[in-house]
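Spelled out from the first residue to the last, the chains are:
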Amino acid sequence: MTAPGAAAPGVGVGGGPVWEAVLAVLDTGDLDLVADHVLALDERARREVAAALPAHLLVAEERATTRWHEREARRARENEAAWRAYVRAQEREGQRVEEHERWQWDAHWFRTATMGPGESWAAPLRVAGAAAIGGAAAVAAWLSRRDLQDRWTWDQRTVTVLERVLSARPAAWQADFAARATLKLRTTPRRRGARDPMAGLVLAMLRRGAATPPEHDPLVVAWAATTPIAAELRDDPLLDHLLPRLFEAEGVGALLRDERADPPAPRSWLAALRKLQAEGRIGRDVLLDGCLRRFLRGGQAADLRFFVRLHELLDPTYDEVSKRRRDYLRLLPVAPGAVAEPALRHLRRLDDLDPGDVREAVPALLSRGERKLLTAGLTWLDEIARDPGAELGSLAPAVGYAFACESADVQGRAVRLAVKHGKRFGEEGARAVREAATVLPQELRETLASVFGGETAEDSRDSEGFVPVPLPAPVPAAAFPGPVVVAGDVEGLPDGGRWEAAELWLAGVVRLYGSDRGGLAARLAELWPGVTPPAGAWQAVWHWAWEIARLVMGHPGEGRASARLPEAGDVPGPHLFLLRRWAEVCDAIEAGTLPPHLLAEPTSATGHLDPGVLVDRLAGYERAGVEALPADLRQALLRLPRDTTPEALARAGRLTSSAGREAARWMSGERPEPVAEITWWYYPPAGTPECGDRQAYREDREQAGTGAVLHELTAHLATTPMDGPVAHRLKEHDGYLRWWPYLMPSDREAVAAHLVPHLTERWQRARTEHAQAWALALADGPMGEAAALVQAYFVADRSRCAGPEERARPLVELAARGELAAEEVGRQLALLVRRSDLKPGPVFETLESAAALGAHREVWRVMTGFLAVFLPGPGERPHSRHTQGLTFASRAARWAGARGALPCVAEPAQRRASNNFVREARRLHTYLT
């Protein structure tokens, strides 16, 4: 290689030839070739290259991107050809190719994408700049430019070549560059191996020189990001400079937080530091004092985890702990629990702590929130109290800290300790105990009062100032928009938007077909869309609207349109029922049997149809000798309210057609009553034999096994026009499920059963919405398991509706109508909290809002059903959320003025334990009885 500064043989120094030659080398992407070529240039030529490089950045990126896109296009064509060959081969063998196979095929294609030659544009430019630019500051600035990055930036090959290029400079220049480049390092994400891309080069250049590295936290983090072994670290020139800063630099703890200490991995900082300390290469005092300095600086527990593990691996001796006792004592009140616990353990080994140290340590422990440290403080206090000469009055406020602990066990232990040594606290100490006791539950305050005196005030939770208000009046149903009677009012083809628009369009087209066929055809021609329905089954409403419009405009038909209907089971039952009504209109137009108007056009915004209006429409059919369309008749019957006036019922009884007689039977109460049964499907818990194939298993009534993950909910529906299992089909047409409450507005249980499978879908387009819970509240018909489950889900799920008052309104509306199956809603709420990832907190928020809106009595009824299923059964341990449920139930009972024992509460109330769960059960049971 030609020495730096000499002219390259055969290369001119003019701007054009020099740069063109460098450009050709850059395009190869060969870093060694770039380095050799630029280093071989004379000083004038290198200045010319340095001047041209910045303007070439954008050009280089665009050219590399173009090469990448061309290669990816070739790969895509090759992949498509290979896929088609695979499909043909499978077909020749009689095998069916499933859709998911294409996804897997393409996923493999994406995974195999690699960098091609010449596509890394930034690395060659870095090397060229490092070789051509003169000053150390300018080179450092060039290499750290943000716009000089690409997807394959700063691999080890780049670092090696750059180090070779920079090593050709004088030693002083290299030291200057290393110092300047160090200060350009930036903080990086908190994960192992994630560091500033220039860190590898900076560390390499620092190791080449003898200068002291600048104090810069990102440098220490970059050094720590390269996990060493003891042999590497022992000979690292940076060890003595950077090791003390390892305990001070921000970001080191986050980087090393996941290193294990039981035992340390062979290639880890914990193993390397411990080995070098055992060899004497690193002093124990450096590591122990470094750990304590880091602890005293504070920080998140996770970021201190590495230093705690290092400290414990060093296993400080008695003398080492004694020498640092003041530092350990300073950690007790404020350090995270993971730091305070080992500090306490080491202090407790000392038998020469003076009384002042002990009186500092005990209050520090009792002021903590962690149960383990609080318990340790109480134990230490009890040991102090065994000394007959010890004065406890000054420690009385510290006992009060323990009274405020959320743990009932800690509260009970603190009270027992105070009672045990009550006479030793003195008058001032007794006063402090009495003042601190106000945060304790009633029975513990009474226990303290028997020794320390004072009054026991009423539990503040029993007097929260709730003021009941009456239930609001039921929301009246709005009238359905007026019918379309003029061709100019017909709108564009309906799709999956507002159900009212689709009803108005279909009824208007049928009406105008008989009264103004020419005007209707002209209007539809104006609105004719530029797309046609797909081949195969028509699953969208606009497909059928398109066919109706085509027939109205006089285009010839293709036979029975019903042949385009999806098969039963391919779409949900309500959707197939919806499509049949549109399909029969197509058939009637082709057959010339279209009636003058539809029977099922609703009269209410809830989807209901006034019985008197239906009688009028049927009477008009009889006068005209028109037969009712079957699906339209069934839709009309499903829209009838459950209460019919005597006058409308009498008029219906005088109808003579078969459709009229069937309507009269429905109005007289002979309509089928839906019955829904809910099934919960789970994935087996991890580690079970069934888990490997991920087959779901079902559980109808009992709680799922521990660790089972809710997969989906299904329902089975009986005695309705859509009997049988409710299929779950996540397809685009399921977006029509927002229409379903208006298809059967008097059968909320049947609608709810069809909505149930969509409850657990959080990320798909086809999912239930809060608007459906409100629509079911305005509907009619009894509530069973399905309707209660739908309402319960929206009570508990914040993701669908964030405001608790808004979530509560459907419950309040049902309560105002006297139709809320409160106990069943409570039962379904408990099952959801037990069996899904829904939490009790949002449940209680919603119920409290419902109580504030006037449904306080119904909220208590909900809680009776909830507690019976939610509270732990035989073999189950109570948890904090069970206690939370009892606490809210106590409030709800007082709001409603409830009385009467609940067996599920009476049983835990009679236990002898003193934990929070039992205490809250006693409190509720005492109030109820």
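All figures in this text were calculated on a predicted structure; none of them were measured in a lab. (Residues numbered from 1 in each chain as written. Predicted model: local features only at pLDDT ≥ 70, side-chain atom pairs only at ≥ 80, totals over all residues. Heavy atoms only, no water.)

Asks: Would you take a moment to explain the overall build of the protein chain for this structure?
Replies: Along the protein chain, the regular secondary structure elements total 43 helices and four strands. Counting only contacts in the protein chain whose residues sit at least 6 apart along the sequence, the fraction spanning at least 24 positions is 74%. (Helix = DSSP H or I, 4+ residues; strand = E, 2+ residues; numbered from the N terminus. Contact = heavy atoms within 4.5 Å.)

Asks: Teacher, can you tell me more about the packing of aromatic side chains here?
Replies: What characterises a pair of aromatic rings is the spacing of the ring centres plus the angle enclosed by the ring planes. Enumeration according to the criterion identifies 18 aromatic pairs in this entry. A centroid spacing of 5.8 Å and a plane angle of 0° characterise the contact between Trp173 and Phe177, whose relative ring orientation is stacked. Note that Trp173 and Phe177 are positioned in helix H8 (residues 171-183) at a spacing of four residues, about one turn of the helix. Given a relative accessible area of 0%, Phe177 falls into the buried group. Sitting above the plane of the Trp173 ring, Arg169 keeps its charged end 4.4 Å from the centroid. (Phe/Tyr/Trp six-rings, centres within 6.5 Å; stacked < 30°, edge-to-face > 60°. Buried < 20%, exposed > 50% of the residue type's maximum accessible area, 1.4 Å probe, protein only. Lys NZ or Arg CZ within 6 Å of the ring centre and 35° of its normal.)

Asks: Sorry if this is basic, but what is going on with helix H16 (residues 301-314) here?
Replies: In an α-helix, one turn spans 3.6 residues; hence positions three or four apart end up facing the same way. Under the 1.5 Å per step criterion, the end-to-end length of H16 is 19 Å for 14 residues, consistent within 8% with the ideal 20 Å. At Phe307, H16 shows its maximal kink, close to 25°. Among the 14 residues in H16, eleven count as buried, and that is most of the element. Inspection of H16 places Ala302, Asp303, Leu304, Phe306, Phe307, Val308, Arg309, Leu310, His311, Leu313 and Leu314 among the buried residues, and these make up the whole buried set. (Expected span 1.5 Å × (residues − 1). Bend = angle between axes of the 7 residues up to and from the residue.)

Asks: When you look at the nonpolar core in this model, what are you seeing that I'm missing?
Replies: Within the largest apolar cluster, 142 residues are counted, with the highest numbers of intra-cluster contacts made by Ile548, Trp582, Leu614, Trp860, Met863 and Leu867. Looking at which element gives the most residues to this core, the answer is helix H40 (residues 840-870), with 13 residues. Beyond its immediate chain neighbours, meaning those up to four positions away, Met863 contacts Phe844, Leu847, Gly885, Phe888, Ala889 and Ala892. Membership of the second largest hydrophobic core comes to 139 residues, among which are Leu41, Leu255, Leu276 and Val321. (Core = buried A, V, L, I, M, F, W, Y, C linked by side-chain atoms within 4.5 Å.)

Asks: I'm lost on the pattern of salt bridges in this one. Help?
Replies: Close approach of charged atoms allows side chains with opposite charge to pair. Evaluated as defined, the whole model comprises 60 salt bridges. The salt bridge involving Asp176 is made with Arg180; its shortest N-O contact spans 2.9 Å. Note that Asp176 and Arg180 are positioned in helix H8 at a spacing of four residues, about one turn of the helix. Judged by its relative accessible area of 33%, Asp176 falls in the partly exposed class. (Salt bridge = Lys/Arg side-chain N within 4 Å of Asp/Glu carboxyl O.)

Asks: Looking at this structure, I do not really get the packing of helix H35 (residues 748-755) against helix H37 (residues 785-796). What am I missing?
Replies: When two helices pack together, their arrangement is given by the angle between the helix axes and the distance between those axes. Closest axis-to-axis distance for the H35/H37 pair is 7 Å, and the angle between their directions is 60°. With respect to their mutual orientation, H35 and H37 come out oblique. Where H35 crosses over H37, the handedness of that crossing is left-handed. For the pair H35 and H37, the contacting residues are Arg748, Glu749, Ala752, Ala753 and Leu755 in the first and Glu785, Ala786, Ala787 and Val790 in the second. Along the lines of polarity and charge, the residues of the contact of H35 with H37 split into six nonpolar, no polar and three charged. (Axes fitted to C-alpha atoms, helices over the stretch in contact; angles between N-to-C directions. Parallel < 35°, antiparallel > 145°, perpendicular 65-115°, else oblique. Left-handed = near helix turned anticlockwise from the far one by under 90°. Nonpolar A, V, L, I, M, F, W, Y, C, P; charged D, E, K, R; others polar.)

Asks: What is the right way to read the confidence of the model for the protein chain from this model?
Replies: Reading predicted coordinates in detail is not appropriate for stretches of low pLDDT. Looking at the protein chain as a whole, the pLDDT averages 85, with 87% of positions reaching at least 70. Every residue in residues 1-15 is under pLDDT 50, and counting partners more than four places away or in other chains gives 33 contacts. In the model, residues 686-707 has pLDDT below 50 throughout and makes 45 contacts with residues more than four positions away in sequence or in other chains. (pLDDT = per-residue confidence, 0-100.)

Asks: Even after reading the chapter, I still don't get unusual backbone geometry, so can you show me in this structure?
Replies: Working note: non-glycine residues mostly have negative phi, and peptide bonds are mostly trans. Pro263 follows Asp262 through a cis peptide bond whose omega is -15°. By the secondary structure assignment, Pro263 is in the loop between helix H13 (252-255) and helix H14 (269-279). Residues other than glycine seldom take positive phi values, yet Asp315 does so here, at roughly 50°.

Asks: Hey, could you run me through the side chain of Glu503 in this one?
Replies: For Glu503, the location among the structural elements is in helix H26 (residues 499-515). Look at Glu503 and you get buried, because its relative accessible area is 6%. What Glu503 contacts, discounting residues up to four positions off in sequence, is Phe480, Arg581, Ala600, Glu601, Pro602 and Arg639.

Asks: It is not clear to me how the environment of Ala549 should be interpreted in this structure. Could you clarify?
Replies: With respect to the helices and strands, the residue Ala549 is situated in helix H28 (residues 541-552). Take Ala549: its relative accessible area is 0%, and that puts it in the buried class. Put simply, Ala549 and Leu493 are 56 residues apart on the chain and 8.5 Å apart in space, counted from C-alpha to C-alpha. Ignoring anything within four residues of it in the chain, the contact list for Ala549 reads Leu524 and Trp528.

Asks: Would you explain helix H9 (residues 199-208) in this entry?
Replies: Where burial is concerned, most of H9 is hidden: eight out of the ten residues are buried. The complete set of buried residues in H9 reads Ala199, Gly200, Leu201, Val202, Leu203, Ala204, Met205 and Leu206. Taken together, the buried residues of H9 touch helix H6 (136-143), helix H7 (156-166), H8 and helix H10 (217-225).

Asks: Can you help me understand the packing of helix H22 (residues 396-403) against helix H24 (residues 426-436) in this one?
Replies: Running from N to C, H22 and H24 cross one another at 15°; their axes reach a closest spacing of 8 Å. With respect to H24, the element H22 is oriented roughly parallel. In this structure, H22 crosses over H24, and the sense of that crossing is right-handed. Taken together, the residues of H24 that come into contact with H22 (itself represented by Ala396, Pro397, Gly400 and Phe403) are Gly429, Ala432, Val433 and Ala436. The residue makeup of the contact of H22 with H24, split by class, is six nonpolar, two polar and no charged.

Asks: What is the right way to read the environment of Glu391 from this model?
Replies: Mapped onto the secondary structure, Glu391 falls in the loop between helix H21 (371-385) and H22. According to the relative accessible area criterion, Glu391 is partly exposed, its value standing at 43%. The spatial distance from the C-alpha of Glu391 to the C-alpha of Gly426 is 8.5 Å, given a sequence separation of 35 residues.

Asks: I would appreciate a short explanation of the environment of Glu813 in the present structure.
Replies: Relative to the helices and strands, Glu813 resides in helix H38 (residues 804-817). Separated by 42 residues in the primary sequence, Glu813 and Ala855 place their C-alpha atoms 9.2 Å from one another. A polar contact is formed between the side chain of Glu813 and the backbone nitrogen of Val475, at a distance of 2.9 Å. (Polar contact = N/O pair within 3.5 Å; in protein donor to acceptor, adjacent residues only side chain to side chain.)

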